[in-house]
Amino acid sequence: MAVTLEQAQRVGYTFLKALLRFAFMVANNLVAIPSYVLYLIVLQPLRVLDSESFWYIEGVLFKWLLAMVASWGWWAGYTVVEWGDDVKAVSEDEAVVLVNHQATGDVCTLMMCLQDKGTVVRQMMWLMDHIFKYTNFGIVSLIHGDFFIRQGKAHRDQQLVLLKEHLEKYYRSRNRKWIVLFPEGGFLRKRRETSQAFAKKNNLPFLQHVTLPRLGATQVILKTLVAPQENGTPAGGDAVIKESKSKGLQWVIDATIAYPKGEPIDIQTWILGYRQPTVTHVHYRIFPIKDVPAEPEALSQWLYQRFIEKEDLLTHFYETGAFPPLQGQTKAVSREMTLSNLWLVGIQSLAFLSGGMWYCILQYFYHCLF
């Protein structure tokens, strides 16, 4: 089949655009991430004198870094429409966010759609696969205090102990509010077959669009961060809660990400922008922590039920192109999430100016010393 001139031009344009976007992403990382690290090195005396102010500044820088990642998708035409409960109403409260996991683009989507949720982005903690520690963003997540978790039975028990210690040490000392995790423990395409086999063996529903969640990390988070007696039983981490005068976790936010035709966006697409403009849909439901059982077996069933409901939500979305209305509503209401191009340009400009400033400073000290 012969390739027409128009098709060749389209391919050439797509390739050139992807090449330029990749170059911009590399430059963006080369100036923004070292600048973040250097700013925080210079501010170490403030960390000793006023830890709260130090982590406030770190959180602002962290939010700006995530906004840069969001801008790569935003300027490629990858936008977000939100459904269900309005999570802005609980943006100042402590919450755990449970998200289905289809591809690497899920993280980028969350980085984008949480940008307009008040202080959430700068005060959130992420639980992510340990492999992300070795990416360009790994040093940022390490400094911010995110937790890298190893998957697999051989590491499971040890990782849960480390997670509990990490939460007790960093969550409230750095004034974190939301903690985000993907309870499925891996991408849908990788875990679906194993999950379906487990469901068949244990007489659980057959799920196609999500997999059955794993209990461990969720249970540790609730046991460590929920205030005593909040859900009927004493929780762990009591001393930490008293010291910070925190109310503890107050909400569970169930976030369901849906892509048109069930075709998820991966990080390569987000960076290179070779896919046509795409609207990703995110559905939220908010549950009071007092309605979440603490006992492991009951919590396991509660989590299973949430993901069974996610399956129903996604089935409805793929059949109709929209999520169903919330209980008590006659019509589903969607909200288009927007970002300010002026704000994004401002942050990008600041990143490149900071990179230039630090380069000049380091060059000066180098010449002075050598």
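Scoring rules and cut-offs
Residues numbered from 1 in each chain as written. Predicted model: local features only at pLDDT ≥ 70, side-chain atom pairs only at ≥ 80, totals over all residues. Heavy atoms only, no water. Helix = DSSP H or I, 4+ residues; strand = E, 2+ residues; numbered from the N terminus. Rg over C-alpha atoms; globule rule 2.2 N^0.38 Å. Buried < 20%, exposed > 50% of the residue type's maximum accessible area, 1.4 Å probe, protein only. Contact = heavy atoms within 4.5 Å. Areas by Shrake-Rupley, 256 points an atom, 1.4 Å probe, with all protein chains shown as cover. Salt bridge = Lys/Arg side-chain N within 4 Å of Asp/Glu carboxyl O. Pairing = 2+ DSSP bridges. Axes fitted to C-alpha atoms, helices over the stretch in contact; angles between N-to-C directions. Patch = residues over 30% accessible without salt bridge, like charges linked within 9 Å, V, L, I, M, F, W, Y side chains within 5 Å. Core = buried A, V, L, I, M, F, W, Y, C linked by side-chain atoms within 4.5 Å. Phe/Tyr/Trp six-rings, centres within 6.5 Å; stacked < 30°, edge-to-face > 60°. Parallel < 35°, antiparallel > 145°, perpendicular 65-115°, else oblique. Nonpolar A, V, L, I, M, F, W, Y, C, P; charged D, E, K, R; others polar. UniProt positions renumbered as here; feature names shortened; annotations may be inferred.

(A) Molecular detail of the overall build of the chain. A tally of helices and strands in the chain yields 12 helices and eight strands. Here the C-alpha atoms of the chain give a radius of gyration of 22 Å, agreeing with the 21 Å that 2.2 N^0.38 yields for 370 residues. Overall, the chain is about 70 × 65 × 45 Å in size when its C-alpha atoms are taken along their principal axes. When each of the 370 residues of the chain is scored for burial, the buried share is 48%. Intrachain contacts of the chain at a sequence separation of at least 6 include 78% that bridge at least 24 residues. When the accessible surface of the chain is split by element, carbon and sulfur atoms take 61% of a total near 18600 Å².

(B) Molecular detail of the pattern of salt bridges. All chains considered together, the criterion is met by 11 salt bridges. The partner of Asp254 in a salt bridge is Lys310, and the shortest N-O contact between them spans 2.6 Å. With Asp254 in strand β6 (residues 251–258) and Lys310 in helix α11 (residues 296–320), the pair connects residues that are 56 residues apart, well separated along the chain. Owing to a relative accessible area of 2%, Asp254 belongs among the buried residues under this scheme. With relative accessibility at 0%, the residue Lys310 sits in the buried group. Through salt bridges that share partners, Asp254, Arg285, Arg306, Glu309 and Lys310 make up one connected network.

(C) A look at the sheet that holds strand β7 (residues 278–288). The strand order across the open sheet built from eight strands is β4-β3-β5-β2-β6-β7-β1-β8, with neighbouring strands paired in mixed fashion. Each edge of the sheet is formed by a strand with only one pairing partner; in this case those strands are β4 (147–149) and β8 (334–337). Averaged over neighbouring strand pairs, the angle between their axes works out to 25° when direction is ignored. With four bridges joining them, strand β2 (residues 95–99) and strand β5 (residues 178–181) adopt parallel strand pairing. By the bridge assignment, Ala95 is partnered in β5 with Trp178. The strands touched by helix α6 (residues 153–171) within the sheet are β2, β3 (124–129), β4 and β5, with β4 carrying the most contacts at an inclination of about 175°. On top of the sheet, α11 reaches β2, β6 and β7; it is set at about 35° to β6, its chief contact.

(D) Looking closely at a nonpolar patch on the surface. A surface patch of nonpolar side chains, amounting to about 680 Å² of accessible area, comprises Tyr364, Phe365, Tyr366, Leu369 and Phe370. With respect to the helices, strands and loops of the structure, Phe370 is situated in the segment after α12 (341–369). What makes Phe370 exposed here is its relative accessible area of 73%.

(E) Highlighting the nonpolar core. By size, the foremost hydrophobic cluster in this structure holds 58 residues, and its most contacted members are Trp126 and Trp178. If near-sequence neighbours (up to four positions away) are discounted, Trp126 is found in contact with Phe62, Leu66, Val107, Leu110, Met111, Asp146, Phe147 and Val180.

(F) Fine view of the packing of aromatic side chains. Scanning the model with the defined rule gives nine aromatic pairs in all. Ring centres of Phe54 and Trp55 lie 4.9 Å apart, and the angle between their planes is 85°; on these two criteria the pair is classed as edge-to-face. Their ring planes at 75° and their centres at 5.7 Å tell us that Phe317 and Tyr318 sit as a pair that is edge-to-face. Taken together, the aromatic side chains of Trp83, Phe317, Tyr318 and Phe323 make up a single cluster linked through ring pairs.

(G) Structural context of the packing of helix α1 (residues 5–42) against helix α3 (residues 51–74). For the pair α1 and α3, the least separation of the axes is 11 Å and the interaxial angle reads 180°. Between α1 and α3, the interaxial angle falls into the category roughly antiparallel. Between α1, through Arg21, Phe24, Met25, Asn28, Asn29, Ala32, Ile33, Tyr36, Tyr39 and Leu40, and α3, the contact on the second element is made entirely by Phe54, Glu58, Leu61, Phe62, Leu65, Met68, Trp72 and Gly73. Each residue belonging to the contact of α1 with α3 can be placed in one class, and the counts come to 13 nonpolar, three polar and two charged.

(H) Broad picture of the UniProt feature "domain: Phospholipid/glycerol acyltransferase" (unreviewed entry) in the chain. Mapped onto this numbering, the UniProt entry annotates "domain: Phospholipid/glycerol acyltransferase" (unreviewed entry) at residues 95–219. Counting secondary structure, residues 95–219 comes out at 42% helix and 14% strand; the distance between its end C-alpha atoms is 14 Å.

(I) Just the pairing of β2, in detail. Burial within β2 is extensive, with five of its five residues counted as buried. Alternating positions in β2 separate into two faces, Ala95, Val97 and Val99 on one and Val96 and Leu98 on the other, with burial throughout. Where β2 meets β6, five bridges bridge the pair, whose relative direction is parallel. Note that in β6 the partner of Val97 across the bridge is Ile253.

(J) Looking closely at unusual backbone geometry. For Asn175, which is not a glycine, the phi torsion comes out positive at approximately 55°. Checked against the element boundaries, Asn175 lands in the loop between α6 and β5. We classify Asn175 as partly exposed; its relative accessible area is 38%. Phi is positive for Lys261, close to 60°, though the residue is something other than glycine. Within the secondary structure, Lys261 sits in the loop between β6 and α10 (267–272). We classify Lys261 as exposed; its relative accessible area is 74%.

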